[in-house]
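# Analysis of the macromolecular model
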Amino acid sequence: MANSKYEYVKSFEVVDKLMPNTWIVVRIDGRNFHRFSAENEFEKPNDVQALNLMNSCAVAMLEEFPDIIFSYGVSDEYSFVFKRTSQFYERRSSKILSITVSFFTANYVMKWKEFFPQKDMRLVPSFDGRVVCYPSNENLRHYWAWRQVDCHINNQYNTCFWMLVLNKGKTKKEAQDILKGTQTQDKNELLFQQFGINYSNLPAIFRKGSCVFKDKVEEIVKHTESGDPVKRLRKKVVVSHCDVIEDRFWKDHPWILDE
Ligand code: DGT
Ligand code: MG
Ligand code: MG
Ligand code: MG
Ligand code: MG
């Protein structure tokens, strides 16, 4: 096809390729979910169905984009990592970011009724997103640790805060003042003394957040004539609420960082 005289405008586009041979992490975060969660009457401090909806969108992401090898989510955010060697959209930042955000958001809307059959969605949800490249496995492990520590700190605070407000009739200001300057141990004590709650017994999805990744699972592919099952290891997308700070998880799943 002949070039038109307008074609020169294409030369204004700038190159936005991400560094080669680095882990590409995309983190998305719900826009103004303070309001979105209030309008949709999410349970406080954690709405398990809202979290399950986020997790289901993350599963859809890993099933759609094979280069995503691990993801971690908490509250209204999710982080996805593309493998080091990924050539997805030639590593163009704007393509990777916009596809991640739009595919996740579209799934969030499409799957809403599956998780909230009794609620019509109020407000239109949207997510912001950013891309960061990490050069070493250690940097990447520290990234997940950073998000999971954040999850712990926020969840412990929010659990105390909402127990004081909803079960002890404190105002938000009073609850804030009670918690001001308290350490982890003080908050555990408060929950136990005043509410009989052992923090470590709360559901792991709240305390640890959620990991979505490909795990090796044994599946029965057929049965022999004598009826014995024939099993094979297959990679399957799973959701789990494990500790990603300690070495254990990474030792048990070496293929994630070796990919
Ligand atoms: P942003 O991200 O700057 O546009 O503003 P927000 O409002 O999304 O702020 P962010 O992302 O720092 O905090 C997440 C908000 O979402 C926070 O106000 C609590 C709310 N939220 C997230 N998950 C839940 C939940 O399970 N239950 C309830 N009640 N609220 C939640
Ligand atoms: Mg934000
Ligand atoms: Mg947000
Ligand atoms: Mg957030
Ligand atoms: Mg196109």
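Each chain carries its own residue numbering, running from 1 in the written order of its sequence. As a convention, the first chain written is A and the first ligand written is 1, with the rest following in written order. In view of the model being predicted, local features appear only for residues whose pLDDT reaches at least 70, and side-chain atom pairs are presented and counted only at 80 or more, with totals across whole chains, interfaces and linings using the full set of residues. The basis for every side-chain value is the complete set of heavy atoms in the structure, and neither hydrogens nor water enter the calculation.

- An unreviewed UniProt entry annotates the protein as tRNA(His) guanylyltransferase originating from Aquilegia coerulea.
- One UniProt comment on the protein, placed under Catalytic activity (unreviewed entry), says "a 5'-end ribonucleotide-tRNA(His) + GTP + ATP + H2O = a 5'-end phospho-guanosine-ribonucleotide-tRNA(His) + AMP + 2 diphosphate + H(+)". UniProt positions are given in the numbering used here, feature names are shortened, and annotations may be inferred rather than shown by experiment.

### Topic: the overall build of the protein
- Here a strand is any run of E in DSSP of at least two residues, a helix any run of H or I of at least four, and the numbering for each starts at the N terminus. For the protein, the helix and strand inventory stands at nine helices and six strands.
- Seen along its three principal axes, the alpha-carbon backbone of the protein occupies a region of about 75 × 70 × 40 Å.
- Only protein chains enter the accessibility calculation, which uses a 1.4 Å probe. A residue is then buried if its area is under 20% of the maximum for its type, exposed if over 50%, and partly exposed in between. Across the 259 residues of the protein, 42% fall into the buried class.
- Residue burial considers only the protein chains on display, and all accessible areas are found by Shrake-Rupley using a 1.4 Å probe. When the accessible area of the protein is evaluated, it comes to approximately 15,100 Å², of which 51% is carbon and sulfur surface.
- We score Asp and Glu as negative and Lys and Arg as positive, and we do not count His or the chain ends. The location of each charge is read from NZ of Lys, CZ of Arg, CG of Asp or CD of Glu. Separation between the mean location of the 37 positive side-chain charges and that of the 34 negative ones in the protein comes to 2 Å.

### Overview of the coordination of the magnesium ion (ligand 4)
- The magnesium ion (ligand 4) binds to the protein through Asp29 (OD) and Asp76 (OD), with metal-donor distances spanning 2.1 to 2.2 Å.
- Any N, O or S atom lying within 2.8 Å of the metal counts as a donor, with the limit raised to 3.2 Å for Na, K and Ca; because water is left out of the atom set, some sites can appear incomplete. Here the magnesium ion (ligand 4) and the magnesium ion (ligand 2) are spaced 5.0 Å apart. Placement of Asp29 in strand β1 (residues 23-30) and of Asp76 in the loop between β2 (68-74) and β3 (77-82) is noted, with a sequence separation of 47 residues between them.

### Considerations on the UniProt feature "binding site: Mg(2+) 1" (unreviewed entry) in the protein
- Under the feature "binding site: Mg(2+) 1" (unreviewed entry), the UniProt entry names Asp29, Gly30 and Asp76. A compact arrangement is adopted by the annotated residues: their sequence extent is 48 residues, whereas the largest C-alpha distance between any two is 5.6 Å.
- Note on contacts: a residue pair qualifies if any of its non-hydrogen atoms lie within 4.5 Å across the two residues. Non-local contacts of Asp29, meaning those with residues more than four positions away in its chain, are made with Asp76, Glu77, Ser126, Phe127 and Asp128.
- The class for Asp76 is buried, based on a relative accessible area of 14%.
- Apart from residues lying up to four places away in sequence, Asp76 is in contact with Ile28, Asp29, Gly30, Phe33, Met54 and Phe127.

### Looking at the site of ligand 1
- It suffices for a single heavy atom of a residue to lie within 4 Å of a molecule or strand for the residue to be listed as near it. If you check the shell around ligand 1, you find 15 residues, and the closest are Asp29, Asn32, Phe33, His34 and Asp47.
- Two N or O atoms form a polar contact when they lie within 3.5 Å of each other; inside protein one atom must be a possible hydrogen donor and the other a possible acceptor, and for residues adjacent in sequence the pair counts only when both atoms belong to side chains. In this structure, an oxygen atom belonging to ligand 1 sits 2.7 Å away from a main-chain N or O atom of Asn32.
- Contact distances for ligand 1 include 3.3 Å between a nitrogen atom and a backbone N or O atom of Pro45.
- Burial of ligand 1 by the surrounding chains reaches 65%, relative to a free accessible area of 620 Å².
- At the level of secondary structure, the elements contributing two or more residues to the shell around ligand 1 comprise β1 and α1 (33-39).

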